[in-house]
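Okay, here's what each chain looks like letter by letter:
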Amino acid sequence: FFFNDTGTTEIYTRSIVGSVRCVQETGLQQLNYYVKVDCMTDKIPITTEGIDKFFEKQDFNVIVVADSDRDTTLALADYARAHKLKFVMADVKGVCARVFTDFGETFEALDKDGEEPVEVMIQSITTANPGVVKALGSQRHKLETGDEIYLTEVEGMNQLVVSGKTINGTRHKVTVIDPFTFSIGDTTGFSPYIRNGIAKQIKLPKKFKFLPLRQVLENSALPLDENLTFVDAAKMDDNVLIQLGFEAIATFELKNNKLPRAWNSEDAKKIWEEAQILAPKYKLQI
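So, a few notes on the structure that sits alongside this text. (Residues numbered from 1 in each chain as written. Predicted model: local features only at pLDDT ≥ 70, side-chain atom pairs only at ≥ 80, totals over all residues. Heavy atoms only, no water.)

### A word on the pairing of strand β7 (residues 148–152)
Burial of β7 is extensive: four of the five residues sit out of reach of the surface. Relative to strand β9 (residues 171–173), β7 runs antiparallel, the two sharing three bridges. Across the sheet, the residue bridging to Glu 148 is Lys 173, located in β9. Two elements, β7 and strand β13 (residues 198–202), share five bridges in a ladder whose sense is antiparallel. Across the sheet, the residue bridging to Glu 148 is Ile 202, located in β13. (Buried < 20%, exposed > 50% of the residue type's maximum accessible area, 1.4 Å probe, protein only. Helix = DSSP H or I, 4+ residues; strand = E, 2+ residues; numbered from the N terminus. Pairing = 2+ DSSP bridges.)

### Topic: unusual backbone geometry
Pro 130 follows Asn 129 through a cis peptide bond whose omega is 5 degrees. When you line up the elements, Pro 130 lands in the loop between β5 (119–125) and β6 (132–135). At Met 157, a position not held by glycine, the phi torsion is positive, near 55 degrees. Tracing the chain through its elements places Met 157 in the loop between β8 (155–156) and β9. We classify Met 157 as buried; its relative accessible area is 0%.

### Notes on the sheet that holds β7
The seven strands lie next to each other as β9-β7-β13-β5-β6-β11-β10, forming an open sheet whose pairing is antiparallel. Each edge of the open sheet is held by one strand with a lone partner, namely β9 and β10 (175–178). Across the sheet, the axes of successive neighbouring strands diverge by a mean angle of 40 degrees, strand direction being ignored. (Axes fitted to C-alpha atoms, helices over the stretch in contact; angles between N-to-C directions.)

### What about a nonpolar patch on the surface?
A surface patch of nonpolar side chains, about 310 Å² in accessible area, is lined by Leu 160, Val 161 and Val 162. Following the sequence through the fold, Val 162 ends up in the loop between β8 and β9. A residue is classified by how much of its surface remains accessible, and Val 162, at 36% relative accessible area, is partly exposed. (Patch = residues over 30% accessible without salt bridge, like charges linked within 9 Å, V, L, I, M, F, W, Y side chains within 5 Å. Areas by Shrake-Rupley, 256 points an atom, 1.4 Å probe, with all protein chains shown as cover. Salt bridge = Lys/Arg side-chain N within 4 Å of Asp/Glu carboxyl O.)

Here's what the structure looks like:
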């Protein structure tokens, strides 16, 4: 690796800046001694044949690229897609960062978001078709349409046809009405709700379809993770501006064979010019 700066990680020291170091020298191995870390000093080729030879006899299923030039990144992304490998790109420039993932045409995740299953305390359930569940007080249920839940600790709502059976332990598919209520299908076969109850989310596998990196970079519209959270709703469009900045820097790097110098007005002017050329692609005026 050639280090221009220490980035945002604590494992690097200032002594590595401006030098070429193997990963063993950087402290990367210290993050996990159970993971074998090797240093490859050869430059990564950008042809399919060259990458095949570069990865010869290597056993892996994920390629992760961090802070690489655009040609190398695209070559590895294309190689990963062609060989049905998972691909992750992580890029940091100053205070901005972007992450791209391509896990192929079809990828099944056992947990769609990695969060703990939602538990909703119930205030009421209607006997209707569909039955409507209201969360207790001002509690937001945080469920999404298509989620599945099962009910427990509900008092009342006995089955009218089968004696001794209640709505407790039954599974239901959720249709969100608003942040505080959702419907669960036909509940007309139960007696009226009395009190209490908890709706517990059931984590289900979900299939995702990913786009290749090259296709994403060629499009003007950026596909975003459906679980992406915006802290400031007023800045929801900033992702396009940040993408424009990354692409302007990548173009500068290809033309000049180097990254722009910090606090250098000449390099900043060139990046601004590249951004103006690229802006119409993203339907931006700068």
